[in-house]
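# Residue-level structural notes
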Amino acid sequence: DIESISYDDKKVYELFTNGLTDGVFQCESSGMKSVFMRLKPTNLEDIIAVISLYRPGPMDSIDSYIENRHNSENIRYKKPLLKDILDVTYGCMVYQEQVMQIFRSLAGYSLGRADIVRRAMSKKKHEVLEDERAFFCDGCAKNGISKEISNEIFDDMSSFASYAFNKSHAAAYAVVAYRTAYLKAYYPEIYYEALLNVN
């Protein structure tokens, strides 16, 4: 019963760690295999993160994410307020929800306004985004964040969010990826037969 499988199965994570993900949803490319082999995932959160990181926006953070995952003493935050937002992803921006949280926590945005900015980022509406820079920096200043640092954070978010997933989307993908890896790990012949016969 696929609905009742464990998400802590070492045999399944070994498939990802060993790059044996042919036939595994979203995880078949050589680039994706390489990231999993370097990361050595041990839980579903790792799969969610890799599926999100392997996109044009956050892809530049892959090396930092892997390094920080294995060496947490290297994690650095531009401001302490970022720690609660980025600690789950080892100091890297990975999800759209994190961008919204940064706008809210550092610059005092409402949920509605933060979501408008997130949507502008995800649709590459650079002029809408640039219009927010001054408002963001002003909001950050009220929290004691210098203009230089607030501009750096804004630039990080702008480049990151050009094609970033929201976590809920990535989580749904990760569940399907894990389930297909589980079927491959325990029922390889039947699973490959099903793959070959699918139209």
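First, a word on what this report is: a plain description of the structure on this page. (Residues numbered from 1 in each chain as written. Predicted model: local features only at pLDDT ≥ 70, side-chain atom pairs only at ≥ 80, totals over all residues. Heavy atoms only, no water.)

### Things to note about the nonpolar core
Generally speaking, nonpolar side chains in soluble globular proteins are found buried as a group. Within the largest apolar cluster, 32 residues are counted, with the highest numbers of intra-cluster contacts made by F16, I47 and Y178. Residue assignment for this core shows that the elements contributing at least two residues are α1 (10–17), α2 (30–39), α3 (44–53), α4 (62–70) and α10 (167–186). Contacts of I47, omitting those with residues within four sequence positions, involve Y13, F16, F36, A174, A177 and Y178. By size, the runner-up hydrophobic cluster in this structure holds 24 residues, among which are I102, V117, F136 and F154. (Core = buried A, V, L, I, M, F, W, Y, C linked by side-chain atoms within 4.5 Å. Buried < 20%, exposed > 50% of the residue type's maximum accessible area, 1.4 Å probe, protein only. Helix = DSSP H or I, 4+ residues; strand = E, 2+ residues; numbered from the N terminus. Contact = heavy atoms within 4.5 Å.)

### Here's the deal with the environment of K40
In this structure, K40 sits in the loop between α2 and α3. For K40, a relative accessible area of 44% puts it in the partly exposed group. The sequence separation of K40 and Y13 amounts to 27 residues, and the corresponding C-alpha distance is 7.8 Å.

### Points about the packing of α3 against α10
In the contact formed by α3 and α10, the axes pass within 8 Å of each other and the chain directions differ by 115°. Crossing angle aside, the handedness with which α3 passes α10 is right-handed. In this structure, α3 contributes L44, E45, I47, I48, I51 and S52 to the contact, and α10 contributes K167, A170, A171, Y173, A174, V175, A177 and Y178. The residue inventory of the contact of α3 with α10, partitioned by class, reads eleven nonpolar, one polar and two charged. (Axes fitted to C-alpha atoms, helices over the stretch in contact; angles between N-to-C directions. Left-handed = near helix turned anticlockwise from the far one by under 90°. Nonpolar A, V, L, I, M, F, W, Y, C, P; charged D, E, K, R; others polar.)

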